[in-house]
Amino acid sequence: MKKIFIIAAILFSGLAFAQDNGYFFGGFESNSQWLLDDDGLNFDAPEDQFRSNNYFKLDYNLGMFTAGVQYETYLPSALLGYAPEFDGHNGIGTYYLNFKTETIDVTGGYIYEQFGSGLLLRSWEERQLGINSAIRGIRIAFTPLEYLEVKAIYGQQRYGFEVSEGVVQGADASIDLGNAFNMENLELNFGASYVARYQSTGTNDTIPSTVNAYGGRLDFVSGNFYGGIEANIKDPDVIANEGQLSSNKLYDGTSMQVDLGYAKKGLGLSATFRRLENFAFYSDRLAEGNIYNQQLINYTPALTKQQDYMLTNIYVYNAQPRLIIESYDQRSGEVGTQLDLYYKFKKGTTFGGKYGTKIAANFSYWAGLDAEYDINNRWYEAKFIGKGPRLFRDFNIEVKKRWDKKWSSVVTFQNVIVDEGIVHGGPLGPQGDIHATIAVLEGTYKFEGGKSTRLVLQHLWTNEDRKNWAAGVLEYNFNSRLAVYVADSWNYGDDDDIHYYSIGGSYSKGRTRLGINYGRQRGGLICVGGVCRFVPENTGVTANLTVSF
Amino acid sequence: MKNLVLLFSLILSFNAFSQDNLPNIDVKSLDGNTVNIQEVTNKDHVVIISLWATWCVPCIKELDAISDVYDDWQEETNVELIAVSVDNSRTVKRVKPLINGKGWDYQILLDTNNDLKRALGASTVPLTLVIKNNKIVLRHSGYSPGSEDELYEKIKELSK
């Protein structure tokens, strides 16, 4: 409490001296749930029925300086499925002071940063996942020449309302070679990164206290073609599982990603290949593999398509960068590919019709590394590609079409194979696969005066796991501000025959948005940006409010 | 509870000084160049900034709907739409093929570590901002079919 008054006092006094061009900005976000008992789901509301995550962010800019604080409360408890470090706490989550000119940008306090695609370092915030891996320290970005940028960071990573034991330091340089050498038809960007973690080893002097990781990347754009390659290596380090070191043996790690694409008006193609071997980097070596995604220095998202519907979000993939050598579980990483095709049939052609028809097709295949494991000696050797255990194979296609001024439709088809271990946890490979086919039909009708309605019908066929599902959503927009919906996912194939119904609405005007829902939440993985958290099944009312200013 | 009430009153008081400037944030263009969001919107005509992502269905619906009438809009008002993608490194590789597959004519910028999204206090996308004379004059979250017509009415007003 006292802290808020102090901050408010400082800011108000600052206002008294503020010049004409200084201004405040920020926002408030509140995500709350009121859990209810539900016999149908065998769900008993926990003691703290009301849970709420709240974020209040306030920034002030004056000329080249910007400063801000973010105050967070998780009272009386954090929402279900969030790291227990947040329960019952409130306080200043992050703060920063930034000075920025055309060539130099210095920040002290909590910083967010990403090197390249994030395979070595990404500190970010995703409130839906309970992730805030901002680094408390200092960040300097220096652009001495138009085509050269150098960045350096140093600090400890945020963990709940504290910071990690490990200290993270990193540097990154990127050069726009095309600009530097005045190449006309070729864009070429080269980058190199270095990240290290220092963490005391206590009495153990066989394991390294500093672990270094290095990487390089090259991106190009030439005419309609574009692509890039990135490769990283992490020096030998221990591995840990469930808060304990697996042994004193050290293993190095590597990651590699290659992208290639072709894009011209009406057609887009993209292909990605990625291989990860022992490539999860934590700011606390003992935090490896924690289910709340805390203290993670790097970012290895699942390279699969983010699906749009309820039933296409049941069997999703979670990337597997870790090395585990135990009698009950052996894995060393993942390798795979993803392909995307976007095509528009032009207006007036047979398939195009009056407005054109848009197709998006996607294919992804992910497998564990093809490796031999010697459990007793805690040793392994993995092939570069080989034929490791298939973990995920997805083929999906979506066709969007506008029929006339009022009607438009989307038809989606997906065929997916996913390893049981990915969906339910446990070892990858021996538990078998789940094969599923999903079809979705969506239609939107536009009335006069900004009103519209949307109906979605979905069906999932599978002989494994919980068997078949049928689902539907009906949504009505009164105008651009107010919308209501009713939805149900019905697991009729399973003996329990459960309906996951839900009803709600949202109101959005200017700087404010309010959403309220009541219903049942299917338990499982909720994935945002390729990173997932597990949400237990629950029933209740949820409310989301955001105000920005 | 008391905390929430205090927070609410703080917010209401700060509303008096609410932001109508775009934050001073750098984003990237599709060919990897750094672009400052305040500079790129410093124009005589009305500029629309639309925060979107390849995985956001309503965002794509909104940009598709505007794309159908973008030529007419530009002819009448000289308005410019800058579509800033908040795709992170997981999905950013899809941006180029998607915008070409759809045939959009907008200027596309990339906010891969969500610095602009965070500075704007945007918790969801789509977020549509209308900028005139370097000030944010309209801000709207979400999309429902037909709301682009309301948006255009506002743009016509501002372009007179």
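Residue numbers run consecutively from 1 along every chain, following the written order of its sequence. The order in which chains are written sets their letters, starting at A; the order in which ligands are written sets their numbers, starting at 1. Given that this is a predicted model, residues contribute local features only at a pLDDT of at least 70 and side-chain atom pairs are listed and counted only at 80 or more, while totals for whole chains, interfaces and linings are drawn from all residues.

Novice: Go over the environment of Asn 232 of chain A with me, naming the residues and quoting the values.
Specialist: All names here are of chain A. Comment: elements are numbered from the N terminus, with helices defined as DSSP H or I runs of at least four residues and strands as E runs of at least two. Here Asn 232 lies in strand 15 (residues 225–237). In this structure, the C-alpha to C-alpha distance between Asn 232 and Gly 266, residues 34 residues apart in sequence, is 35 Å. Setting aside chain neighbours within four positions, we find Asn 232 in contact with Leu 119, Leu 120, Ala 213, Tyr 214, Gly 215, Thr 254 and Ser 255. Two residues form a contact once the distance between their C-beta atoms, set from the backbone, is within 7 Å.

Novice: So what's going on with helix 4 (residues 95–102) of chain B? Which residues, and what values?
Specialist: Residues and elements named next belong to chain B. Burial in this document is a count-based property: other C-beta atoms within 10 Å of a residue's C-beta are tallied, and the residue is buried at 20 or more, exposed at 12 or fewer, or partly exposed in between, with C-beta positions derived from the backbone. Judged by how many residues are buried, helix 4 sits mostly within the fold: 8 of 8 residues are covered. Among all positions of helix 4, only Val 95, Lys 96, Pro 97, Leu 98, Ile 99, Asn 100, Gly 101 and Lys 102 are buried. The first or second residue beyond helix 4 is Gly 103, which carries a positive phi of 70°.

Novice: Break down the pairing of strand 15 of chain A for me, with residues and values.
Specialist: Residues and elements named next belong to chain A. Strands are treated as partners if at least two bridges between them are detected by DSSP. Pairing of strand 14 (residues 210–222) with strand 15 involves 10 bridges; the strand directions are antiparallel. Bridged to Leu 218 within strand 15 is Ile 229. Hairpin connection from strand 14 to strand 15: 2 residues lie between these consecutive antiparallel strands, with Gly 223 at a positive phi of about 60°. Taken together, the 11 bridges between strand 15 and strand 18 (residues 251–264) define a ladder with antiparallel strand orientation. Pairing of Asn 232 across the sheet is with Ser 255, part of strand 18.

Novice: Any details on the sheet that holds strand 3 (residues 47–52) of chain B? Residues and values, ideally.
Specialist: All names here are of chain B. What the 7 strands build is an open sheet, ordered 2-1-5-4-3-6-7; its pairing is mixed. The sheet terminates laterally at strand 2 (34–36) and strand 7 (135–141), the two strands that pair on one side only. Put simply, the sheet's adjacent strands are angled 30° from each other on average, direction ignored. Note: strand 3 against strand 4 (residues 80–85), 6 bridges, orientation parallel. Opposite Val 47, over in strand 4, you have Glu 80 as the bridge partner. Lines fitted to C-alpha atoms define the axes, with helix axes restricted to the stretch in contact, and inter-axis angles between N-to-C directions lie between 0 and 180 degrees. Helix 6 (residues 147–158) contacts strand 6 (127–132) and strand 7 of the sheet and is inclined by roughly 10° relative to strand 6.

Novice: Which residues make up the domain arrangement of chain A, and what values do they have?
Specialist: All names here are of chain A. For the domain bounds, the source is a domain assignment made automatically or taken from a database. When its domains are assigned, chain A resolves into domain 1 (101–300) and domain 2 (303–509). On the side of domain 2, 25 residues touch domain 1, which itself brings 23 residues to the contact. If one sorts the elements of the side of domain 1 that touches domain 2 by residue count, strand 19 (residues 267–277) sits on top with 11 residues. Each residue receives one of three labels: charged for Asp, Glu, Lys and Arg, nonpolar for Ala, Val, Leu, Ile, Met, Phe, Trp, Tyr, Cys and Pro, and polar for the others, Gly being one of them. By residue class, the composition of the side of domain 1 that touches domain 2 is 9 nonpolar, 10 polar and 4 charged.

Novice: Describe the confidence of the model for chain B, with residues and values.
Specialist: One rule of thumb: low pLDDT means the predicted coordinates there are not for detailed reading. Residues of chain B with pLDDT of at least 70 account for 88%, and the chain-wide mean is 86. On the interface metric, ipTM, the complex scores 0.80, and its pTM is 0.88. The predictor attaches a confidence to each residue, called pLDDT, with possible values from 0 through 100.

Novice: Can you lay out the interface of chain B and chain A for me, pointing to particular residues and giving the numbers?
Specialist: Taken together, the 50 residues of chain B in the interface contact 71 residues of chain A. Breaking the side of chain B that touches chain A down by element, the ones donating at least two residues are helix 1 (2–14), helix 4, helix 5 (115–119), strand 7 and helix 6 of chain B. By residue number, the principal contributor to the side of chain B that touches chain A is helix 1 of chain B, which donates 7 residues. Tallied by class, the residues present in the side of chain B that touches chain A amount to 14 nonpolar, 25 polar and 11 charged.

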